[in-house]
Amino acid sequence: MSRVGFLGYAMTRKKENSHRLYMCNRSVELDEKLQQELEAHNRLVADLDILGFHVVETQSFANEVSSALSKLKEKDVRIILGNFNESWAREIFCEAYKFGMYGRKYQWLIMGTYSNNWWLDSVEFQNCSLEELSEALEGCILTDLLPLSTNGEITISGNTAEEYRLEYDNLRGGDYSRFHGYTYDGIWTMALAIQHVALRIRHYRKNDTMKNFRYRDELWEQLFLQALKNTSFEGVTLICILHPKFRMFYKEPRR
């Protein structure tokens, strides 16, 4: 993994200024069959479509990866977007080595939120040698999330992201999550939505307050949907703007 490079691809410009990957450089997405990641998977496919990139094939797997990789090779896929954990990553790149799906003619882009030197962990993994696995990973691009914004802007809390980080580190003790900034911004999103709805409900039911909130009440649902769709603020991770296709589903709380 000493050298990282992009694989060139041919593109054609349409009237609507979109792009399509040609057969010699086909685009594909490979992911685990995990229900909690389905929404993110669908969002990525939709975003690629908006940008004009054609997803030729999508393969999911649960127990083994050989069949999925075989189908990708049959489709002449050359650009592969992968979404799987590091244990599966070792298995996948071992199989990719056996299929010859690596090197200059292939470009892998995968989630990089793995532990350090994850490919060196060969415990309970004897299907490939370390040399073979390292060769298959040569040129692979690993992506990672940015825990906090680096633009130095004052956020909605009145602090910069760096000032928030210092406070977080001072209070967290031994606990840590790389997603802490996103959780913090999520709480601000909910707080702003509640504040907005608390004011708006009086326009429809002048005697109601947030204490009168009811699950499965259509008016409350519409007010919260509208509030969330219109939420925009400078957070510690980014400028938070909810996606226009956001949907909310209420569940009756357990008693």
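Further up the page is the structure itself.
From a predicted model like this one, the values you see are computed outputs, not experimental measurements. (Residues numbered from 1 in each chain as written. Predicted model: local features only at pLDDT ≥ 70, side-chain atom pairs only at ≥ 80, totals over all residues. Heavy atoms only, no water.)

Enquirer: Is there a simple way to explain the packing of helix α2 (residues 66-74) against helix α3 (residues 86-99) in this structure?
Expert: Two measures define how a pair of helices packs: the angle their axes make with one another and the distance between the axes. Taken N-terminus to C-terminus, the directions of α2 and α3 make an angle of 45°; their axes are 10 Å apart at the nearest point. By the criterion of interaxial angle, the relationship of α2 to α3 is oblique. For the pair α2 and α3, the crossing hand works out as right-handed. Contact residues: α2 offers Ser66, Leu69, Ser70 and Lys73, while α3 offers Ile92, Glu95, Ala96 and Phe99. (Axes fitted to C-alpha atoms, helices over the stretch in contact; angles between N-to-C directions. Helix = DSSP H or I, 4+ residues; strand = E, 2+ residues; numbered from the N terminus. Parallel < 35°, antiparallel > 145°, perpendicular 65-115°, else oblique. Left-handed = near helix turned anticlockwise from the far one by under 90°. Contact = heavy atoms within 4.5 Å.)

Enquirer: Just checking my understanding: could you explain the state of the cysteines for this structure?
Expert: Formally, a disulfide is one covalent bond, and it connects the sulfur atom of one cysteine to the sulfur atom of another. Scanning all chains against the criterion turns up one disulfide. Between the sulfur of Cys94 and that of Cys128 lies a disulfide, 2.0 Å long from S to S. Handedness here is read from the sign of the S-S torsion; for Cys94 and Cys128, about 85°, the answer is right-handed. Pair noted here: Cys94 is in helix α3 and Cys128 is in the loop between β4 (107-111) and α4 (130-137), with a separation of 34 residues, a long-range link. Judged by relative accessible area, which is 0%, Cys94 ranks as buried. (Disulfide = S-S within 2.5 Å. Buried < 20%, exposed > 50% of the residue type's maximum accessible area, 1.4 Å probe, protein only.)

Enquirer: Explain the packing of aromatic side chains here, please?
Expert: Centre distance and the angle of the planes are the two values used to describe a pair of aromatic rings. In this structure the tally under the stated criterion is ten aromatic pairs. Look at Phe213 and Phe224: their rings are 5.8 Å apart centre to centre, the planes differ by 85°, and that puts the pair in the edge-to-face class. Of this pair, Phe213 sits in the loop between α6 (180-204) and α7 (218-229) while Phe224 is found in helix α7, placing the two residues eleven residues apart along the sequence. The class of Phe224 is buried, set by a relative accessible area of 9%. Members of the aromatic cluster, connected to one another through ring pairs, are Tyr164, Tyr168, Tyr176 and Tyr184. When the ring centre of Tyr106 is taken as reference, the NZ or CZ atom of Arg78 above it lies at 5.2 Å. (Phe/Tyr/Trp six-rings, centres within 6.5 Å; stacked < 30°, edge-to-face > 60°. Lys NZ or Arg CZ within 6 Å of the ring centre and 35° of its normal.)

Enquirer: Explain α6 here, please?
Expert: Under the 1.5 Å per step criterion, the end-to-end length of α6 is 37 Å for 25 residues, consistent within 8% with the ideal 36 Å. Along α6, the residues that are buried comprise His180, Gly181, Asp185, Thr189, Ala193, Val197 and Ile201. (Expected span 1.5 Å × (residues − 1).)

Enquirer: How should the side chain of His180 be read in this particular structure?
Expert: With respect to the element layout, His180 can be found in helix α6. Residue His180 is classed as buried on the basis of its relative accessible area of 9%. Contacts of His180, omitting those with residues within four sequence positions, involve Leu148, Tyr164 and Tyr168.

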